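Chain residues, written in single-letter form:
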Amino acid sequence: MNRLKLFIAGFLLIGVACKESDKSPDVSENAPVVIDNIAVQRIDSTLKSFVDSGNIAGVSALIFENNNEVYYNAFGYADLEKKKPMDRNTIVQIFSMTKPITGTALMTLYEDGAFALDDPVSKYAPEFANMKVYEGEDASGNPILIDPKRPMTIRDLTRHTAGFGRNADIPGLGKMIEEADALNRNNTLVEMAQKMGETPLYFHPGEQWEYGPCVDVQAFMVERISGQPYGEYVRENVLDPLGMEETRYYVPEEDRDRFSAMYFRNDQGELNQLPDEEAKSDYFNHWPLTRGGSGLTSTLDNYMRFALMMVNEGIIDSVTILKPETVKLMATNHLDESIEKRSFLPSKGQVGFGIDFAVRLRPPASREENNGVVGEFFWDGAASTLFWIDPVNKLTAVLFVQLFPYDQIGLHKSFRDAVYGPFKPN
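Summarised in this report is the structure supplied together with it.

What counts and how
- Numbering of residues begins from 1 in every chain and follows the order in which that chain's sequence is written.
- With the structure being a predicted model, the display of local features is reserved for residues of pLDDT at least 70 and the display and counting of side-chain atom pairs for 80 or more, all residues being used for whole-chain, interface and lining totals.
- For the side-chain quantities, the full set of heavy atoms in the structure was used; hydrogens and water were omitted.
- The salt bridge criterion pairs a side-chain nitrogen of Lys or Arg with a carboxyl oxygen of Asp or Glu, the two atoms within 4 Å.
- Runs of E in the DSSP output that reach at least two residues are strands. Runs of H or I that reach at least four are helices, and both are numbered from the N terminus.
- Partly exposed describes any residue whose relative accessible area lies between the buried limit of under 20% and the exposed limit of over 50%, with all areas from a 1.4 Å probe on protein chains only and scaled to the type maximum.
- As defined here, a cavity is a set of points on a 1 Å grid over the protein atoms alone where a 1.4 Å probe fits but cannot get out. A pocket is an open set with protein on both sides within 12 Å along at least five of seven lines, and residues line them when an atom is within 4 Å of a point.
- Grid points are joined across faces, edges and corners, and a volume is the space filled by probe spheres set on the points.
- Charged residues are taken to be Asp, Glu, Lys and Arg, nonpolar residues to be Ala, Val, Leu, Ile, Met, Phe, Trp, Tyr, Cys and Pro, and polar residues to be all remaining types, Gly included.
- Paired strands are those between which DSSP finds at least two bridges.
- We define a nonpolar core as any set of buried Ala, Val, Leu, Ile, Met, Phe, Trp, Tyr and Cys residues linked to one another through side-chain atoms lying within 4.5 Å.
- Contact definition: two residues touch when any of their heavy atoms are within 4.5 Å.
- For helices, the fitted line uses only the C-alpha atoms of the stretch in contact; every axis is such a line through C-alpha atoms, and the angle between N-to-C directions lies from 0 to 180 degrees.
- Roughly parallel means an angle under 35 degrees; roughly antiparallel, over 145; roughly perpendicular, 65 to 115; everything else is oblique.

## Some remarks on the pattern of salt bridges
Piece 1. Within this structure, the stated rule accounts for 24 salt bridges.
Piece 2. The shortest N-O distance in the salt bridge between K348 and D380 comes to 2.6 Å. Here K348 is found in the loop between α11 (324–330) and β12 (351–353), whereas its partner D380 is found in strand β14 (residues 377–380), with 32 residues between them in sequence.
Piece 3. With relative accessibility at 4%, the residue K348 sits in the buried group.
Piece 4. The partner of R360 in a salt bridge is E376, and the shortest N-O contact between them spans 3.3 Å. Of the two residues, R360 sits in strand β13 (residues 358–360) while E376 sits in the loop between β13 and β14, which places them 16 residues apart along the sequence.
Piece 5. The buried category is assigned to R360, whose relative accessible area is 1%.
Piece 6. Judged by relative accessible area, E376 falls into the buried class, the value being 0%.
Piece 7. Connected through salt bridges with shared partners, the residues E246, R248, D255 and R258 form a single ionic network.

## Digging into empty space enclosed by the protein
Piece 1. Here the largest cavity is characterised by a volume of approximately 60 Å³.
Piece 2. Lining the largest cavity are I56, A57, G58, Y77, A78, M86, S260, Y263, L271, V401, Q402 and L403.
Piece 3. Grouping the amino acids of the lining of the largest cavity by side-chain chemistry returns nine nonpolar, three polar and no charged.
Piece 4. The computed volume of the second largest cavity comes to approximately 30 Å³.
Piece 5. Partitioning the lining of the second largest cavity into residue classes produces four nonpolar, two polar and one charged.

## Notes on the pairing of strand β2 (residues 68–79)
Piece 1. Of all the twelve residues making up β2, eleven are buried; the element is thus mostly covered by neighbouring parts of the structure.
Piece 2. Where strand β1 (residues 58–65) folds back on β2, the antiparallel hairpin that results is connected by two residues, among which N66 adopts a positive phi of roughly 55°.
Piece 3. Relative to strand β3 (residues 84–85), β2 runs antiparallel, the two being bridged by two bridges. Bridge pairing in β3 links Y77 to P85.
Piece 4. From the end of β2 to the start of β3, which pair antiparallel, there are four residues, and K83 there has a positive phi angle of about 55°.

## Here we look at the nonpolar core
Piece 1. Grouped together as the largest cluster of nonpolar side chains are 115 residues, with contacts concentrated most on I35, F164 and F415.
Piece 2. Looking at this core, the element that brings in the most residues is helix α10 (residues 300–311), giving nine residues.
Piece 3. Not counting chain neighbours up to four residues away, the residues in contact with F415 comprise I43, T46, L47, A61, I63, L386, W388, A397 and L399.
Piece 4. Counting residues in hydrophobic clusters, the runner-up holds twelve residues, among them I91, L274, A279 and F404.

## Description of the sheet that holds strand β17 (residues 403–404)
Piece 1. Across the sheet, which stays open at both edges, the three strands sit in the order β8-β7-β17 with mixed pairing between neighbours. This sheet does not close on itself; its edge strands, each paired only once, are β8 (271–273) and β17.
Piece 2. The sheet contact formed by strand β7 (residues 263–265) and β17 spans two bridges and is parallel. Opposite Y263, over in β17, you have L403 as the bridge partner.

## Overview of the pairing of β14
Residues in a regular strand point their side chains to alternate faces of the sheet.
Piece 1. Residues F377 and W379 of β14 are buried on one face, and the alternating residues F378 and D380, pointing to the opposite face, are buried as well.
Piece 2. Inspection of the sheet shows β13 paired to β14 by two bridges, in the antiparallel sense. In the strand pairing of β14, V359 is matched with F377.
Piece 3. The pairing of β14 with strand β15 (residues 386–390) spans four bridges and is classified as antiparallel. Its bridge partner being in β15, F378 is matched across the sheet by W388.
Piece 4. Connecting the antiparallel pair β14 and β15 is a turn made up of five residues, with S384 showing a positive phi of about 75°.

## Brief notes about the side chain of N370
Piece 1. Its location among the elements puts N370 in the loop between β13 and β14.
Piece 2. Taking relative accessible area as the criterion, N370 reaches 16% and is therefore assigned buried.
Piece 3. Sequence-distant contacts of N370, defined by excluding residues within four places in its chain, comprise S347, K348, R360, P364, K413 and R416.

## Quick word on the sheet that holds β1
Piece 1. In spatial order, the strands read β3-β2-β1-β16-β15-β14-β13-β12; together these eight strands make up an open sheet with antiparallel pairing. Two strands in the sheet have a free side with no partner beyond their single neighbour: β3 and β12.
Piece 2. Here β12 pairs with β13 via three bridges, running antiparallel. Within β13, the residue paired with F353 across the bridge is A358.
Piece 3. Sheet contacts for helix α12 (residues 411–420): β1, β13, β14, β15 and β16 (395–400); angle to β15, the most-contacted strand, approximately 35°.

## Remarks on the packing of helix α3 (residues 99–111) against helix α8 (residues 230–239)
Piece 1. Look at α3 against α8: their axes get within 10 Å of each other, and the N-to-C directions meet at 85°. Accordingly, the angle class assigned to the pair α3 and α8 is roughly perpendicular. In this structure, α3 contributes I101, T102, T104, A105, T108 and L109 to the contact, and α8 contributes Y230, Y233, V234, V238 and L239.
Piece 2. Each residue belonging to the contact of α3 with α8 can be placed in one class, and the counts come to eight nonpolar, three polar and no charged.

## Here we look at unusual backbone geometry
Piece 1. Residue P405 follows F404 across a cis peptide bond; omega there is -10°.
Piece 2. Positionally, P405 belongs in the loop between β17 and α12.
Piece 3. Despite not being glycine, N67 shows a phi value in the positive range, around 65°.
Piece 4. Along the chain, N67 falls in the loop between β1 and β2.
Piece 5. Of note in the backbone geometry, F95 takes a positive phi value of approximately 45° without being a glycine.
Piece 6. You can see F95 is positioned in the loop between β4 (92–93) and α3.

Scope: geometric values only; no functional claims are made or implied.
In structure tokens:
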């Protein structure tokens, strides 16, 4: 397995070229209160410093406040070897920022009354009717499997409490997950579900938060419940209505000159540009597997359309994707305090988890934590991309970079600090 594939599996997760922002902050009654001229200077300085230091090859960011563009800039290179600048139209791999889009597709069916969140997954997918939970191995090395305490529900899929394991290094179970190879891109979603249904769960549904293939199963559920291939459904019901024509699983040849290279920062802090055949092969062919948890590419403006729809409670340009109450449901914490095992989620700050979004519950307790506003909902991607929705300030931010391993340089925290200003303890 090559370096890129290792980090994808484990996560799921120099010159400067800059452009001036296209628009100045609006001075109307909807004037921005977060992104003023000082904030713009802070953000520029912060992003430029990461390029100048050699920690990243290129970065771009776009921010809207009160439905007005208040910040755009790009620094460095999308392709360092070819000296191709990072640009507004640069196409990037968004990895897990695919997940909220899939959750939105699923919730359009919820609004139609096609399912209830607490319905068992097996009500619609018999592939998951006979799940077992892995309890270790007996003296002979055979797996000990027991019945789950309760069925896996659709709510479990949306908040990562379904019970799926994802790591090949889980003793005993990891080998079974690896052999099932459910997320092999040559599987269809149905074949993926069959393989997952035959693989034991890592824990009882509802007892832990564990990042994994839950959103890929959401895509399968959309396909099963709607009776339409998932790729077609998400295109017709989310992406096309939002004008997100360049948010795609497949990048056609005529657009590949805008497709950013991928970079790997090693333990010595050296930045290496990965070969395109290694980093981009998933996007140059039409594979049978249309994942819900990863796989989309996008541009800054395309992804901002999704964020703006969310901050406007499901509506953009007179197009309704979701009802306001559905957006609020997605942006509400669904993790009970009794769920104490939460993997890496606490590293995101004072957050819970809603429907395919982390949800900020409390302000940062210290300057070391990620900055943000209570009520914000957000997510990020394995190649260090980030977006968030701040309904208090009606602010949306999208940050694009293509860096593995996932943000070990503090880019996200620095960007957040630049947007909101210095930490102020309560």
